[in-house]
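Observations on the model geometry
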Amino acid sequence: MTNEQLNSGNPKVDIEYRRKKSAEEMRYQIISFAMMIFLTLVAFVAVGYDGFSGWFTIPFILVLAGVQVVFQLYYFMHMSHKGHEAPALFLYSGVFVAFITLLAFMTIIWW
């Protein structure tokens with residue numbers, strides 16, 4: 001949105017709009033933080049529980065770590081906001097190159 005669209009000329013309306021957006025953003029960050037703490041506790045339980053083998057525990061922890069990376073990027077680093085398309089493009093390009101590199105090492109070199 002441009003500054004003209006956000007600025008209605010009435011300072012009280014603009015302040016209320018910003019407060020509402022800030023409260024909403026803070027709520028998302030608190031929920032995300034609580035989910036990340038919960039996922040961390042689940043990872044500790046998975047490691048501490050003797051009933052799970054290493055073949056389950058390691059991929060499970062890696063999946064939980066991936067979910068936490070998504071939370072970190074989208075809520076704490078504000079990647080979900082407008083105007084962050086270019087950094088997101090570079091980030092996803094780097095993830096793609098890293099995935100291709102790991103795939104090449106695992107299939108061509110190590111086997």
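What you see is a predicted model; the values in this text were computed from it and never measured.

Next up on the list: a nonpolar patch on the surface. Together, Phe96, Val97, Phe99, Ile100 and Leu103 make up a nonpolar patch on the protein surface, roughly 490 Å² of accessible area in all. With respect to the secondary-structure elements, Val97 resides in helix H4 (residues 85-109).

Next up on the list: the nonpolar core. Listed in full, the five residues of the largest apolar core are Met36, Leu39, Ala43, Leu64 and Phe71. Going through the elements one at a time, helix H2 (11-48) and helix H3 (54-76) are the ones with two or more residues in this core. The dominant element in this core, judged by the number of residues it contributes, is H2, at three residues.

A few words now on the environment of Ala88. Mapped onto the elements of the fold, Ala88 is located in helix H4. Expressed as a C-alpha distance, the spacing of Ala88 and Tyr74, which sit 14 residues apart in the sequence, is 9.9 Å.

Moving on, we come to the UniProt feature "transmembrane region" (unreviewed entry) in the protein chain. In this structure's numbering, the residues bearing the UniProt feature "transmembrane region" (unreviewed entry) are residues 28-49, 55-77 and 89-110. Taken end to end, residues 55-77 has its terminal C-alpha atoms 32 Å apart, with 96% of it in helix and 0% in strand.

Quick look at the confidence of the model for the protein chain now. Per-chain confidence: the protein chain averages 84 in pLDDT, with 86% of residues scoring 70 or above. When mean pLDDT is taken per element in the protein chain, H4 scores highest with 89 and helix H1 (residues 3-6) scores lowest with 53.

Three- or four-residue spacings in an α-helix give side chains the same orientation, since the helix completes a turn every 3.6 residues. Taking 1.5 Å as the rise per residue, H3 with 23 residues should run 33 Å; its terminal C-alpha atoms sit 31 Å apart, in good agreement. Immediately downstream of H3, the backbone of His78 shows phi near 60 degrees, a positive value.

A few words on the side chain of Thr57. Within the secondary structure, Thr57 is located in helix H3. Taking the relative accessible area as the measure of exposure, Thr57 reaches 10% and is therefore buried. Of note is the side chain of Thr57, whose polar atom sits 2.9 Å from the backbone oxygen of Ser53. Not counting residues up to four positions away in its chain, the partners in contact with Thr57 are Ala46, Val47 and Phe52.

Our next topic: the packing of aromatic side chains. Working definition: an aromatic ring pair is given by the centre-to-centre distance plus the angle between the planes. Taken as a whole, this structure holds three aromatic pairs when the rule is applied. A centroid spacing of 4.8 Å and a plane angle of 45 degrees characterise the contact between Phe52 and Phe56, whose relative ring orientation is tilted. The class of Phe52 is partly exposed, set by a relative accessible area of 37%. Consider the rings of Phe56 and Phe60, whose centres lie 5.2 Å apart with planes at 20 degrees: the pair is stacked.

Criteria and cut-off values
- Residues numbered from 1 in each chain as written.
- Predicted model: local features only at pLDDT ≥ 70, side-chain atom pairs only at ≥ 80, totals over all residues.
- Heavy atoms only, no water.
- Patch = residues over 30% accessible without salt bridge, like charges linked within 9 Å, V, L, I, M, F, W, Y side chains within 5 Å.
- Areas by Shrake-Rupley, 256 points an atom, 1.4 Å probe, with all protein chains shown as cover.
- Salt bridge = Lys/Arg side-chain N within 4 Å of Asp/Glu carboxyl O.
- Helix = DSSP H or I, 4+ residues; strand = E, 2+ residues; numbered from the N terminus.
- Core = buried A, V, L, I, M, F, W, Y, C linked by side-chain atoms within 4.5 Å.
- Buried < 20%, exposed > 50% of the residue type's maximum accessible area, 1.4 Å probe, protein only.
- UniProt positions renumbered as here; feature names shortened; annotations may be inferred.
- pLDDT = per-residue confidence, 0-100.
- Expected span 1.5 Å × (residues − 1).
- Polar contact = N/O pair within 3.5 Å; in protein donor to acceptor, adjacent residues only side chain to side chain.
- Contact = heavy atoms within 4.5 Å.
- Phe/Tyr/Trp six-rings, centres within 6.5 Å; stacked < 30°, edge-to-face > 60°.

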